[in-house]
Amino acid sequence: KPEFKEYQNQIVKNAKVLSEELIKLGFNLVSGGTDNHLMLVDVTGYGLTGKQAEAALFKCGVTANANALPYDKNGAWWTSGIRIGTPGLTTLGMNEEDMKEVASIIDFVLKGTKPGLTKEGKPAKGKIELDETVQQEARKRVNALLDAHVLYPELDLDFLKKEFVK
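What you see is a predicted model, and the numbers here were worked out from it, not measured in a lab.

Definitions and cut-offs
- Residues numbered from 1 in each chain as written.
- Predicted model: local features only at pLDDT ≥ 70, side-chain atom pairs only at ≥ 80, totals over all residues.
- Heavy atoms only, no water.
- Helix = DSSP H or I, 4+ residues; strand = E, 2+ residues; numbered from the N terminus.
- Rg over C-alpha atoms; globule rule 2.2 N^0.38 Å.
- Buried < 20%, exposed > 50% of the residue type's maximum accessible area, 1.4 Å probe, protein only.
- Contact = heavy atoms within 4.5 Å.
- Areas by Shrake-Rupley, 256 points an atom, 1.4 Å probe, with all protein chains shown as cover.
- pLDDT = per-residue confidence, 0-100.
- Axes fitted to C-alpha atoms, helices over the stretch in contact; angles between N-to-C directions.
- Parallel < 35°, antiparallel > 145°, perpendicular 65-115°, else oblique.
- Left-handed = near helix turned anticlockwise from the far one by under 90°.
- Nonpolar A, V, L, I, M, F, W, Y, C, P; charged D, E, K, R; others polar.
- Polar contact = N/O pair within 3.5 Å; in protein donor to acceptor, adjacent residues only side chain to side chain.

(A) Main features of the overall build of the chain. Secondary structure assignment for the chain yields seven helices and six strands. Beginning at the N terminus, the succession of helices and strands in the chain can be written as α-β-β-α-β-α-β-α-α-β-β-α-α. Whereas a compact globule of 166 residues would reach a radius of gyration of roughly 15 Å, the chain reaches 16 Å, a difference of no more than 12%. Across the 166 residues that make up the chain, the buried fraction comes to 40%. In the chain, 62% of the contacts between residues at least 6 apart in sequence involve partners at least 24 apart. About 9,700 Å² of surface is accessible on the chain, with carbon and sulfur atoms providing 55% of the total.

This is the structure we're talking about:
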């Protein structure tokens, strides 16, 4: 149907804008951008592993997956990157302007995150220290996007936020 074609086109437009905004913010994207619905983003510039970035973003209500980069120095478990896609955001009705806010939130969260420390005081690949003020502000911004783009208005969003955006 034409609606599905429009939806698919919007997914790609959203991904293109999101990738461009991430690049403007200083992120390194493996392919230099995207031509489809997802992108692979190097997070080592923030001093983080992919697992740490994934955990910090999740605590703020943003879903991304740790993902190995080509020739990844951190290996396939800890990774040096995250994978981000736009189909879910597009399903919510988000557009190119919203992608600019998503990129800004991702940058904000990762700038407010440091590697956690081992008992010996050395950086731990799997632990994070996320600034509480950053976490609260990021959640507020994520919630503003979700409030503006409700997938199922008949659901109790306050309940869902309490359960999933802690």
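(B) Up close: the environment of A103. Locating A103 in the fold gives a position in helix α5 (residues 96-111). Judged by its relative accessible area of 0%, A103 is buried. On a C-alpha basis, the gap between A103 and K24 in space is 9.5 Å, while along the polypeptide they are 79 residues apart. What A103 contacts, discounting residues up to four positions off in sequence, is L18, E21, L22 and L25.

(C) Representation of the confidence of the model for the chain in the model. A residue-level look at the chain finds 93% of positions with pLDDT of 70 or above and a mean pLDDT of 92. Within the chain, helix α7 (residues 157-164) has the poorest average pLDDT of any element, 66, and α5 the best, 98.

(D) Layout of the environment of F108. Structurally, F108 is set in helix α5. C-alpha of F108 to C-alpha of E137: the two residues are 29 residues apart in sequence and 9.2 Å apart in space. Discounting chain neighbours no more than four positions away, the residues touching F108 are V134, E137, A138 and R141.

(E) Region of interest: the packing of helix α2 (residues 50-59) against α5. It is at 10 Å that the axes of α2 and α5 come closest, and there the two elements cross at 115°. Overall, the two elements α2 and α5 adopt an arrangement that is roughly perpendicular. Between α2 and α5 lies a crossing of right-handed hand. Packed against α2, whose contacting residues are A53, A56 and L57, the element α5 presents I106, V109 and L110 at the interface. Residues of the contact of α2 with α5, tallied by class, amount to six nonpolar, no polar and no charged.

(F) Inspection of the side chain of Q135 at higher detail. Its place among the elements puts Q135 in helix α6 (residues 132-148). Assessed through its relative accessible area of 8%, Q135 is described here as buried. A polar atom in the side chain of Q135 sits 3.4 Å from the backbone oxygen of K59.

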